[in-house]
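# Breakdown of the fold
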Amino acid sequence: SAVFYPPRLLTVALVNALDRTAPGELYAALQTEMALHVLLASLLMYALVRRLTAASGTHRLASIAGGLVAALTYAYGGYLAGYPPLQLAVLEAGVWLPLALLAIFEATRAPRPRWLCLMLAGTALGLALLAGHPQTALFALYLALAFLGYRLWLAGARTWRTWLPRFVQAAALMGLVAGGLAAVQLLPGLEYLQQTSRDALPYAEKAHGFPLRDLAQIVFPGVVSEWSPLYIGIAGLALALVAVWRRAAHSLFFAVAALVALVWSFGAGTVVFDVLYLLAPGVSWFRGQERAAYLIAQCAAILAGLGAAALLASPADEGAAQRLRRALWRLAGLLALAAAVWLALWIGTDTPRYDTALDAAIFSAIIAGLSALLLPRLLAGRLRGEWALLLVALVALDLFSVTRGGPNYEPVRASDRLAEPAYLDEVRGDLAPGARVDGLRGVFENYGALYRVPDIRTISPLRLAGVERVLALPDDRAWELLAVEQVLIDWEQLMAPSTIVNTARDALGPFNIHRLDDPRPFAQLAYRAEVVPDDDVVFARLADPATSLDYIRSTALLAEAPGVELPDQPPETPGAAVVTDFEPERIAIEIETSAPAILTLALPAYPGWEAAIDGEAAPLLRAYGGLSALALPDAGAHTVTLEYRPMTFTLGAILSLSTLALLIGALAVRGWTARRARRRVSVG
């Protein structure tokens, strides 16, 4: 999660300062954050390509046009117009790579790397990590390291003996800065990952990628899937190929990187992914290999910008212009032929897929024809402002015609889209502290967090392993262990005795709100305990129909001995456990018991929770295969407090603040030395 991502912290601060915390207003704030990141992506890409082209001696007008083409191609191409705006972590982790590449480029313009620029590159990668999508950050890290090695080789380290130490030192500095800045989020995130069921995903689940037919979307957007992440425009594709053909500076590196990423994006569709899975660190951690489209979009946008600058800055070359003209007209002809074939094969077919495919083929043929009219003229030495403007306009026409009408853009006000259902007020108001809801209807996906309803269901792929196994139990057992009081579902009768307290309607129709007749409270005293170290045995017993709910409630199934002497028989007078304070990071419970007991809690067992009985620290126990418990050694009245104080957060915060202080100190030293140098020059 992007808990400590600086732009997100700014969004949260502004929302709170303006008191705009209604669901629709929160959604509007995230829409604004998304749009600003798309703008940031375009600006950083523009700066990168402007610097790459200007440093190679390209004419200023050609460099500006190349930067604009690259900015448009990346920010408004098929990739960023696809799923990243719907998954802000993917979008926001992806926008910082151009800054990292720009900093690496500046750092390696001399044989000895410039350490301050390398620290800037590390800062950009640290922001990518903080944005909350580690897979995208890993892609960025791989391309940044590859570009660093490539640039160091060009900068004069032409032997392995010279190159390797410089590369290791520069990469280590970047890595230390990136990891140090993101430590406050990385360390707790890694701790969380170890508690989830994600590690159990087999190779087959992680090897999914684009089907090979998605290659068609490079030239025919929208014909295979809802989005076209491989589409950079017909004009953009032509310009990228021109960059390689004209041997523009750095074009070979980015072309090879794009090709590797393309093959990677197919996942198990090629043997290349098997090699990466076995040898490349981090590749085996993630599923969804089609997300390598991020690297394709980055590299292709850079290539398109380099190609545009190369065309505009080229001296008149009529022979080359003729060859380019013939190639582009052939491409236009092939695309027109594809449209004719579609028309012939599907004549009379009235299906959306047919219409989409035919429209895409015709549109691509038109853009290819326009490219054939314009691009060769640029190669013939037409470097004037109007020709540069026409080139940028062609790229914009191509991309916006395809992506502006995508499925992400809905003409619905945010306040209307996320209007909070009225029945949730009653649901929240009737819940005891710590009690939960099973939102099978009425609270979909992760909307419970938005509406402040403690729903046990989510669509997160990173669930705690113990909780996921509890949710896999029969409903009445899951409700018992997770302290569910209300169930929202269209059924008239549940597995556990309940009363329908209200009816409501959601997008799927009417449903009932059930209140369980005898819900288990969040905190429950048990006077019997069994030690069952094996979680598989625990869940087998919990799922067994012969295991009664009374047994589950009255007997604590513990992973280790509780260390207290429990009574032979439960006391005649049952004890009481009342939750008096229930906050995200602090829980207080008042206990009254006539004998030593086990306090069982509907709290997931998780590192960082600390318990105290009457102010004295007490160990938390693992119960029911994934929940928590606490041994009460004495009878009487007690106050139990639970506080979340994760060591990973404390250590990560220290590392992040220390790294930030070092960066500020480095900037201060650099500014001071630069000021002294200027004074010496002025005195001399």
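Read on for an overview of the structure. (Residues numbered from 1 in each chain as written. Predicted model: local features only at pLDDT ≥ 70, side-chain atom pairs only at ≥ 80, totals over all residues. Heavy atoms only, no water.)

### What to know about the overall build of the protein chain
This is how it is decided: Per the convention used, a helix needs a DSSP run of H or I reaching at least four residues, while a strand needs a run of E reaching at least two, with both numbered from the N terminus. When accessible area is computed with a 1.4 Å probe and restricted to protein chains, residues below 20% of their type maximum are described as buried, those above 50% as exposed, and intermediate ones as partly exposed. Reported accessibility uses the Shrake-Rupley method at a 1.4 Å probe radius. Residues are deemed covered only where the shown protein chains occlude them. His is not counted, nor are the chain ends; Lys and Arg add positive charge and Asp and Glu add negative charge. Note on charges: their place is set at NZ of Lys, CZ of Arg, CG of Asp or CD of Glu.
Across its full length, the protein chain carries 24 helices and 15 strands. When its C-alpha atoms are laid out on the principal axes, the protein chain stretches across 100 × 80 × 50 Å. When burial is assessed residue by residue, the protein chain has 48% of its 684 residues classed as buried. With the model as given, the accessible surface of the protein chain reaches about 31800 Å², and the carbon-plus-sulfur share is 62%. Placing the 53 positive and 58 negative side-chain charges of the protein chain at their respective mean positions leaves the two points 23 Å apart.

### Considerations on the pairing of strand 4 (residues 509-516)
Convention followed: When DSSP finds two or more bridges between a pair of strands, those strands are recorded as paired.
With six of eight residues buried, strand 4 lies mostly within the body of the structure. One ladder, built from four bridges, connects strand 2 (residues 484-489) with strand 4; its direction is antiparallel. Looking at strand 4, one finds that I489 is bridged to N512. Of the pairings in the sheet, the one linking strand 3 (residues 498-506) to strand 4 comprises eight bridges and is antiparallel in character. Residue pairing for strand 4: D506 is matched across the bridge by G509.

### Concerning the sheet that holds strand 4
This is how the line gets drawn: Lines are fitted to the C-alpha atoms to define the axes, a helix being fitted only along its stretch in contact, and any angle between axes, read from their N-to-C directions, falls within 0 to 180 degrees.
Ordered by their spatial adjacency, four strands build an open sheet running 1-2-4-3, and the pairing between neighbours is mixed. If you trace the sheet from one side to the other, it starts and ends with strand 1 (436-439) and strand 3, each paired once. Adjacent strand axes in the sheet meet at a mean angle of 20°, parallel and antiparallel pairs treated alike.

### Re the pairing of strand 15 (residues 636-644)
Here strand 9 (residues 586-593) pairs with strand 15 via eight bridges, running antiparallel. Directly across from E592, in strand 15, lies its bridge partner A637. Sheet analysis places strand 11 (residues 609-613) next to strand 15, joined by five bridges and oriented antiparallel. Bridge pairing links E610 to E643 in strand 15.

### A look at the sheet that holds strand 8 (residues 576-583)
Two orientations exist for strands paired in a sheet by backbone hydrogen bonds: parallel and antiparallel. The sheet built from five strands is open, its strands ordered 8-9-15-11-12 with antiparallel pairing. Single-partner strands in this sheet number two, and they are strand 8 and strand 12 (616-618). Adjacent strand axes in the sheet meet at a mean angle of 25°, parallel and antiparallel pairs treated alike. Sheet analysis places strand 8 next to strand 9, joined by seven bridges and oriented antiparallel. Counterpart to A577 in the pairing with strand 9 is I591.

### Description of helix 8 (residues 160-195)
Put simply, the test is: A helix is expected to span 1.5 Å multiplied by its residue count minus one. The bend at a residue is defined as the angle formed between two axes, one fitted to the seven residues ending at that residue and one fitted to the seven starting there.
In this model helix 8 runs just 42 Å from its N-terminal to its C-terminal C-alpha over 36 residues, more than 12% under the 52 Å that 1.5 Å per residue would give. The sharpest bend along helix 8 reaches about 75° and sits at A183.

### Things to note about unusual backbone geometry
The phi dihedral of H250 is positive, around 75°, even though this residue is not glycine. Following the sequence through the fold, H250 ends up in the loop between helix 10 (234-245) and helix 11 (251-265). The phi angle at Y624 is positive, at roughly 55°, despite the residue not being glycine.

### Things to note about the environment of Y142
On the secondary structure map, Y142 appears in helix 7 (residues 134-154). Along the primary structure Y142 and A257 are separated by 115 residues, whereas in three dimensions their C-alpha atoms are 10.0 Å apart.

### Focus on a negative patch on the surface
Where we set the bar: Like charges within 9 Å and nonpolar side chains (Val, Leu, Ile, Met, Phe, Trp, Tyr) within 5 Å are joined into patches, using only residues over 30% in relative accessible area that form no salt bridge. Salt bridge, as used here: a side-chain nitrogen of Lys or Arg that lies within 4 Å of a carboxyl oxygen of Asp or Glu.
Together, E590, D614, E616 and D634 make up a negatively charged patch on the protein surface. Here D634 is to be found in the loop between strand 14 (627-632) and strand 15.

### Focus: the nonpolar core
General note: in soluble globular proteins, nonpolar side chains tend to be found buried as a group. Applicable threshold: Nine residue types can take part in a nonpolar core, namely buried Ala, Val, Leu, Ile, Met, Phe, Trp, Tyr and Cys, and a core is a set of them joined through side-chain atoms within 4.5 Å. What makes two residues a contact is simply this: any of their non-hydrogen atoms within 4.5 Å.
L97, L148, F254 and I302 are the most contacted members of the largest nonpolar core, which totals 85 residues. The element contributing the most residues to this core is helix 13 (residues 293-313), with 11 residues. Setting aside anything within four residues of it in sequence, one finds I302 in contact with M45, L48, V49, L52, L101 and F254. Counting residues in each nonpolar core, the second largest holds 59 residues, with I489, I613, A629 and L642 among its members.

### Brief notes about the environment of A577
Mapped onto the secondary structure, A577 falls in strand 8. Residue A577 is classed as buried on the basis of its relative accessible area, which comes to 19%. When residues no more than four places from it in sequence are discounted, the contact partners of A577 are A523, L525, I589, E590, I591 and L599.

### Regarding the pattern of salt bridges
Scanning the model with the defined rule gives 24 salt bridges in all. R114 is the partner of E106 in a salt bridge, and the nearest nitrogen-oxygen pair spans 3.9 Å. Ionic contacts of the salt-bridge type, sharing partners, join the residues D581, R586, E610, E643 and R645 into one network.

### Things to note about the packing of aromatic side chains
Threshold: Only Phe, Tyr and Trp rings take part, Trp by its six-membered ring, and two of them pair if their centres are within 6.5 Å. Stacked means planes under 30 degrees apart, edge-to-face means over 60, and tilted covers everything else. Whether a charge sits over a ring depends on NZ of Lys or CZ of Arg being within 6 Å of the ring centre and within 35 degrees of the ring normal.
Under the criterion given, the structure shown has 25 aromatic pairs. Aromatic pair F4 and F649: ring centres 5.8 Å apart, planes at 20°, arrangement stacked. Of this pair, F4 sits in the segment before helix 1 (6-17) while F649 sits in helix 24 (residues 647-683), and the two are 645 residues apart along the sequence. A relative accessible area of 28% places F4 in the partly exposed class. Taken together, the ring pairs in this structure connect Y79, Y83, W227 and Y294 into an aromatic cluster. Cation over ring: R246 sits above W245, and NZ or CZ is 5.2 Å from the ring centre.

### Some details on the packing of helix 3 (residues 60-75) against helix 13
Quick note on the threshold: When an angle is under 35 degrees it counts as roughly parallel; over 145 it counts as roughly antiparallel; between 65 and 115 it counts as roughly perpendicular; any other value is oblique. By convention, the crossing between two helices is left-handed when the near helix turns anticlockwise from the far helix through less than a right angle, and right-handed when the turn is clockwise. Polarity classes work like this: nonpolar for Ala, Val, Leu, Ile, Met, Phe, Trp, Tyr, Cys and Pro, charged for Asp, Glu, Lys and Arg, and polar for all others, with Gly in that last group.
Running from amino to carboxyl end, helix 3 crosses helix 13 at an angle of 155°, the nearest separation of the two axes being 7 Å. Put simply, helix 3 runs roughly antiparallel to helix 13. When you trace helix 3 past helix 13, the crossing you get is right-handed. For the pair formed by helix 3 and helix 13, the contact residues are A62, A65, G66, V69, A70, T73 and Y74 on the first element and Y294, A297, Q298, A301, A304, G305, A308, A309, L312 and A313 on the second. Looking at side-chain class alone, the contact of helix 3 with helix 13 contains 13 nonpolar, four polar and no charged residues.

### Considerations on the packing of helix 7 against helix 13
Packed helices, taken two at a time, are described by the angle their axes make and the gap between the axes. Helix 13 packs onto helix 7 with a crossing angle of 45° between their chain directions and a minimal axis gap of 9 Å. In terms of axis orientation, helix 7 runs oblique to helix 13. In this structure, helix 7 crosses over helix 13, and the sense of that crossing is right-handed. Here T136, F139, A140 and L143 of helix 7 come into contact with helix 13, specifically with Y294, L295 and C299.

### Side note on a nonpolar patch on the surface
A grouping of W329, I362, I366, L370, L373 and L397 is seen on the molecular surface, where their side chains present a nonpolar patch of about 540 Å² in accessible area. When residues of the nonpolar patch are assigned to their parent elements, the largest contribution, four residues, is made by helix 15 (residues 352-379). Note on I366: relative accessible area 48%, which makes it partly exposed.

### Remarks on a positive patch on the surface
On the surface, R670, R675, R676, R678 and R679 cluster together to form a positively charged patch. Turning to its location among the elements, R679 is positioned in helix 24. Judged by relative accessible area, which is 53%, R679 ranks as exposed.

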